[in-house]
Amino acid sequence: MKRNYIAGEWVAGAGALANVNPSDLSDVIGEYAQADEAQAQAAIEAAVAAFPAWSTSGIQLRADVLERVAAELLARRTELGDLLAREEGKTLAEATAEVARAGQIFRFFAGEVLRLSGDRLASVRPGIDIEVTREPIGVVGIITPWNFPIAIPAWKIAPALAYGNCVVFKPADLVPGSAWALAEILSRAGLPPGVFNLVMGPGSRVGQAVIADARVDALSFTDSAETGARVISAAAPRRAKLQLEMGGKNPLVVLDDADLGIAVECAVQGSFYSTGQRCTASSRLIVQKGILGEFVRAMRERVEALKVGDARQPDTQIGPVASHAQLDIDLEYIALGRQEGARLLCGGQRMKRATDGFYLEPALFIDATPEMRISREEIFGPVACVLSADSHEHAIALANDTPFGLTAGICTTSLKHASHFKRHAQAGMVMVNVPTAGVDFHVPFGGRKASSYGPREQGRYAAEFFTTVKTAYTAA
Ligand code: UN1
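Cut-off values and rules
Residues numbered from 1 in each chain as written. Predicted model: local features only at pLDDT ≥ 70, side-chain atom pairs only at ≥ 80, totals over all residues. Heavy atoms only, no water. Near = heavy atom within 4 Å. Polar contact = N/O pair within 3.5 Å; in protein donor to acceptor, adjacent residues only side chain to side chain. Nonpolar A, V, L, I, M, F, W, Y, C, P; charged D, E, K, R; others polar. Domains from an automatic or database assignment. Salt bridge = Lys/Arg side-chain N within 4 Å of Asp/Glu carboxyl O. Helix = DSSP H or I, 4+ residues; strand = E, 2+ residues; numbered from the N terminus. Phe/Tyr/Trp six-rings, centres within 6.5 Å; stacked < 30°, edge-to-face > 60°. Buried < 20%, exposed > 50% of the residue type's maximum accessible area, 1.4 Å probe, protein only. Axes fitted to C-alpha atoms, helices over the stretch in contact; angles between N-to-C directions. Left-handed = near helix turned anticlockwise from the far one by under 90°. Contact = heavy atoms within 4.5 Å. 1 Å grid on protein atoms, 1.4 Å probe; cavity = no way out; pocket = protein on both sides within 12 Å on 5 of 7 lines; lining within 4 Å. Points joined across faces, edges and corners; volume = space filled by probe spheres on them.

1. A word on the site of the ligand
Alright, step 1. In the vicinity of the ligand, the contacting residues are Arg101, Asn147, Phe148, Ile152, Trp155, Arg278, Cys279, Thr280, Ala437, Gly438, Val439 and Phe445.
Alright, step 2. A distance of 3.0 Å separates an oxygen atom of the ligand from a polar side-chain atom of Asn147.
Alright, step 3. In the environment of the ligand, an oxygen atom lies 3.0 Å from a nitrogen or oxygen atom belonging to the backbone of Val439.
Alright, step 4. Here the shell around the ligand is built from residues that sort into 7 nonpolar, 3 polar and 2 charged.
Alright, step 5. Looking at the shell around the ligand, you find at least three residues from each of domain 1 (4-246 + 451-475) and domain 2 (251-432).

Right, dumping it as structure tokens:
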């Protein structure tokens, strides 16, 4: 049984949950402790107690801790990648790359610890100096989703610790294995007790206890827009600082002048890799009329050839859906798309493989219209729809016609259209001739509209959320 980590001790939970492999439901990875409210509160209390010393600790100590975590993640990427693929269902290549990314993120923030700087300005009043510095915020509650079981925890925990905050970490219930492995590494990295705490368990109980507790100064959260709205209404009245990453319905525009090979590769990767379970996935393919026929033919050929199978088989390109609940949602949307009048070009059926798992053929709809629910709502599965556009202007209007605004992509060989799109796409991240999903670890991540709330994650921009600014005046 894998236990929770509170105040520097491994503690049994109030119950346990089995972690099951979505590629093979007979394969139980392990039992993971489930915390109750009292344990969540004990973790918060430990973090509060550890904050005064940690927030004033030396930067060398913090850099060393983060570097140790980075080195271990990178050294164990194959083993931890296998665990990640086994519990979440993304392919071994994707899972190993995700563990490496988590390691790079810890390494990046080990460096950032040493680079934190402020400003020194003159006052408008003679004889006074002004310093602007950044200080830690306090206790940060970190709540993460199941689709990136180690990279998302890394990109929230590493900056939180780098800038001198204490952490209460509540990973997704579905994938506790990678989160527990990361916590175990952190427990040996040289952190004082209480600086980092792990509480596994359901959002309704453990997540809720963290969100509601007035001692938690800030919350960094990634999940759906609906849950995000609940976090805002629970935590904003008590003035918690919030950083929320929520859904996407990301467009990939393909213009008549696109390189067809590049466009198909961007669409297939962006829509279906990681089984479409990325908030950055391109679920709306907005294609200009002149290239539409050719694009659809090429897509059909490429999508039908994708190898769907056990996440840990070396030739698998698309792993299973991560859970039964998500599979049901995907199948409901596929049925809905047909009812709404879109045409299912290929895929959309549950598949049988050697082991019992949540296998689903990647589904591509054509003749979708912007009002259809499959064109508007985040599905979070291997389901994409093609919408046709008359012109570049029409394509960008369709791209922006969404409640979300995380990523937006365009495939074009025209510098003019690419530049115009970069400026006018209403999204936090814009991709030209690259897939909408799969981002770098050292630059800001986040969106607009219903996709994000609060300051950006990652890169040096992470300091905006994980620190608070102080302006000091000194009479010389
Ligand atoms: C990526 O596309 O590389 O939940 C990252 C998600 C995002 C991360 C996507 N927060 O899918």
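2. What to know about the pattern of salt bridges
Alright, step 1. Within the structure shown, the criterion is met by 21 salt bridges.
Alright, step 2. In this structure, the salt-bridge partner of Arg215 is Asp213, at a minimum N-O distance of 2.9 Å.
Alright, step 3. One salt bridge connects Asp401 with Arg376, and the closest N-O pair in it is separated by 3.0 Å. With Asp401 in the loop between helix 13 (392-400) and strand 17 (404-405) and Arg376 in helix 12 (residues 373-376), the pair connects residues that are 25 residues apart, well separated along the chain.

3. Brief notes about the packing of aromatic side chains
Alright, step 1. Using the criterion set out here, one finds 8 aromatic pairs in the structure.
Alright, step 2. Seen from their ring centres, Tyr5 and Trp10 are 4.6 Å apart, and the 45 degrees between their planes marks the pair as tilted.
Alright, step 3. For Trp10, a relative accessible area of 25% translates into the label partly exposed.
Alright, step 4. Geometrically, the ring pair formed by Trp146 and Phe380 is edge-to-face, given 5.4 Å between the ring centres and 80 degrees between the ring planes. Note that Trp146 is positioned in the loop between strand 7 (139-143) and helix 5 (151-162) and Phe380 in the loop between helix 12 and strand 16 (383-389), a separation of 234 residues in sequence.
Alright, step 5. On the accessibility criterion, Trp146 (16% relative accessible area) is buried.
Alright, step 6. For Phe380, a relative accessible area of 17% corresponds to the buried category.
Alright, step 7. Of the aromatic side chains, those joined through ring pairs into one cluster are Tyr5, Trp10 and Trp180.

4. Quick look at the packing of helix 1 (residues 37-55) against helix 7 (residues 203-212)
Alright, step 1. For the pair helix 1 and helix 7, the least separation of the axes is 9 Å and the interaxial angle reads 35 degrees. As for how helix 1 packs across helix 7, the hand of that crossing is right-handed. Facing helix 1, whose interface residues are Glu37, Ala40 and Ile44, helix 7 presents Arg205, Val206, Ala209 and Val210.
Alright, step 2. The residue inventory of the contact of helix 1 with helix 7, partitioned by class, reads 5 nonpolar, no polar and 2 charged.

5. Focus: the layout of surface pockets
Alright, step 1. When its volume is computed, the largest pocket comes out at roughly 1,000 Å³.
Alright, step 2. Along the wall of the largest pocket there are 40 residues; nearest its centre are Trp146, Asp223, Ser224, Glu226 and Thr227.
Alright, step 3. Of all the secondary-structure elements, those providing two or more residues to the lining of the largest pocket are helix 7, strand 10 (218-222), helix 8 (225-235) and helix 11 (324-340).
Alright, step 4. If you tally residues by element for the lining of the largest pocket, the top one is helix 8, at 6 residues.

6. Here's the deal with the side chain of Gln243
Alright, step 1. Within the secondary structure, Gln243 is located in strand 11 (residues 241-245).
Alright, step 2. A polar atom in the side chain of Gln243 sits 3.1 Å from the backbone oxygen of Pro455.
Alright, step 3. Polar side-chain contacts of Gln243 include one of 3.1 Å to the backbone oxygen of Arg456.
Alright, step 4. Residues contacting Gln243, with those up to four places away along its chain left out, are Leu219, Ser220, Phe221, Tyr453, Pro455, Arg456, Glu457, Phe465 and Phe466.

Remember that the coordinates give geometry; whether it matters functionally is a separate question.
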